[in-house]
Amino acid sequence: MLRAHCAAIAKEEAVLREGGGKAGHERQRKMNRLPVRERISHLLDKDSPFFEVGLWAAYKMYEQWGKIPAAGAVAGIGNVGGVPCMIIANDATVKAGAFFPQTAKKLIRAQRIAFECSLPIAYLVDSAGVFLPMQDEIFPDEDDFGRIFRNNSVISAAGIPQFAAIMGNCVAGGAYLPVLCDKILMTKGSGLYLAGPSLVKAAIGQTVDAEELGGAQMHAEISGTVDFCEKDDLSCLKRLRSLIALLPEANKSKPFEPSKETSKPAKSPDAIYELISFDGQKQYDVRDLLASVVDANSIDEYKAGYGKTIVTAYARIDRRPVGIVANQRLQARTKKEGIQMGGVIYADSADKAARFVMDCNQTSLPIIFFQDVTGFMVGRDAEESGIIRSGAKLVNAVSNSVVPKITVVVGGSFGAGNYAMCGKAYDPRFIIAWPTARYAVMGAAQASDTVFAVLARARERDKTSSPQELEELRNTVKKNYEEQTDIRYGAARGWVDAIIQPHETRDVLTRLLQYVSRPMPKAHFHTGVVQV
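Remember, it's a predicted structure, so these values are computed and weren't measured experimentally.

Trainee: Is there a simple way to think about the overall build of the chain in this case?
Mentor: Secondary structure summary: the chain contains 22 helices and 20 strands in total. Residues counted as buried form 50% of the 532 residues belonging to the chain. Expressed as a percentage of contacts within the chain between residues at least 6 apart in sequence, the contacts between residues at least 24 apart total 73%. For the chain, the accessible area works out to roughly 26400 Å², and carbon and sulfur atoms hold 55% of it. Looking at charge distribution, the chain has the averaged site of its 65 positive side-chain charges lying 3 Å from that of its 60 negative ones.

Put into structure tokens, the structure is as follows:
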């Protein structure tokens, strides 16, 4: 009798795991999307056990609306890259993944378990939002829909990583869930918006298609909301696994052991000499520079289509995970701003870099800054874009960063760009420079013209100098300024720890990362006032 009852329960559970059944699964595949449990199986390590939570949620509770197996969501704990993670995933085969009252309670319970066990959370988002006929039971109370987003914020503040992968619909209030997470991935063909095209038309009379309103490309390149834009579910889940593998816990489960068999960069370190010019005027793609420094195939570029004059990326150097913030010297074209000059920090670049620095601190990743910066953008358009506010945000994030920072000055390090890119005043554990590096409040040409203009006006008032003498003054000022920008001038004054050869950058960083990864010293016994 007992065995038969247990077998019947197990059989019912198998039916619950089918979600919306064959028809729902076929509908997902027609949209080039995977059913929820296939998504989870691709995310989890092979043969990882999955402890499911709340499978029976909503069982026979909403029969007037049909069957709602597992409350239209799957939640449970499994290993990703050796790290136990809480997986919370909408099942779009059940009422398009809409939220019923028990769906919200199930997610809140999963969040609580993750919080109390300090488990990273991966949300696989594919939901039509609140089930409107029952909105009065889902929307307002302390254990309803809004509590999920409150929990997102509290969990993030506690330092527990949260990842969101949007692989379908994500609308209305539900859009806040992924945006409150640390990292956001989104597949092409998915939608992220507070109101869909029909509601926008009804509310404000605007006609707009779903992709233009809230598609992955729009959020990756224009709004800057999405960190990674992926072509499909499999690509998205692969990227998600790669990001979770950067967590300290993932790397502790596979202890770093220095060996002769190290990972190699995609390009030879000597390729750097073909990339960068001696005078610093040549444009180059900083990704080519990084290809000579980081391990091959290790780069996950963050917000690649947004804030293009700074490149931010997760990578590995000799298998050690790092975050990278690097000035891009290529001219960039953006959909909102048009042409942006290489080596200049714009508001969108500063916003992106600030969030990236915060995220590296959230996941305890050392940050390496590659400086080749002429400064922040100036002018009316820049000021209207809030460049000062965005720049302050980046400076604040770098100032309060607690993970090890290493700065490599490869070219220009001018003005406030030096500050934002972790100059000496911002406590890099090490700051090194190439022989091509130049330090100053602004470039020699601009600075010498400015200084000359001040001195020339003074002399003209006194009427003591001829045109020839003024020209000699100009040349003297420029020569003096150029001498001060030479990196040897800065090294003599302790502005950098060492001048290194460009082809040695990877080897030097490998050693420095070993040094900065050592545990910080703990307090030792000491006395106050003693009798002498």
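Trainee: Explanation requested: the pairing of strand β3 (residues 83–90) in the structure shown.
Mentor: Two faces belong to every sheet, and in a regular strand the side chains alternate between them. Within β3, seven of the eight residues are buried, leaving the element largely enclosed by the surrounding structure. Sheet topology places strand β2 (residues 73–80) next to β3; eight bridges connect them, and they run antiparallel. The residue of β3 that forms the bridge with I77 is M86. In textbook terms, the turn of a hairpin is the stretch between consecutive antiparallel strands, and for β2 and β3 this stretch comprises two residues, one of which, G81, has a positive phi near 60°.

Trainee: Is there a simple way to explain the environment of L185 in this structure?
Mentor: Of note, L185 is situated in strand β6 (residues 183–187). Through-space distance from the C-alpha of L185 to that of G174 is 15 Å; in sequence the pair is 11 residues apart. Sequence-distant contacts of L185, that is, excluding residues within four places in its chain, are made with A164, A165, I166, V226, F228, C236, R239, L240 and L243.

Trainee: Honestly, unusual backbone geometry in this entry has me stumped. Any pointers?
Mentor: For residues that are not glycine, phi is negative in most cases, and the peptide bond is trans in most cases. You will see that A96, though not glycine, has its phi angle at about 60°, which is positive. The phi dihedral of D318 is positive, around 50°, even though this residue is not glycine. Positionally, D318 belongs in the loop between β10 (310–317) and β11 (320–327). Look at D318 and you get buried, because its relative accessible area is 9%.

Trainee: Can you walk me through the pattern of salt bridges in this structure?
Mentor: Oppositely charged side chains can pair when the atoms bearing their charge come close. Counted under the stated rule, the structure contains 24 salt bridges. We note a salt bridge from D359 to K183, for which the minimum N-O separation is 2.7 Å. In this pair, D359 is assigned in helix α15 (residues 347–362) and K183 in strand β6, connecting sequence segments 176 residues apart. Take D359: its relative accessible area is 4%, and that puts it in the buried class. For K183, a relative accessible area of 2% translates into the label buried. Where R239 meets D300, a salt bridge forms, and the shortest distance between an N and an O atom there is 2.7 Å. Here R239 is found in helix α11 (residues 233–244), whereas its partner D300 is found in strand β9 (residues 300–302), with 61 residues between them in sequence. What makes D300 buried here is its relative accessible area of 7%. One salt-bridge network, in which partners are shared between bridges, spans E13, R17, R37 and E52.

Rules used in this analysis
- Residues numbered from 1 in each chain as written.
- Predicted model: local features only at pLDDT ≥ 70, side-chain atom pairs only at ≥ 80, totals over all residues.
- Heavy atoms only, no water.
- Helix = DSSP H or I, 4+ residues; strand = E, 2+ residues; numbered from the N terminus.
- Buried < 20%, exposed > 50% of the residue type's maximum accessible area, 1.4 Å probe, protein only.
- Contact = heavy atoms within 4.5 Å.
- Areas by Shrake-Rupley, 256 points an atom, 1.4 Å probe, with all protein chains shown as cover.
- Lys, Arg positive; Asp, Glu negative; His and termini not counted.
- Charge placed at Lys NZ, Arg CZ, Asp CG, Glu CD.
- Pairing = 2+ DSSP bridges.
- Salt bridge = Lys/Arg side-chain N within 4 Å of Asp/Glu carboxyl O.

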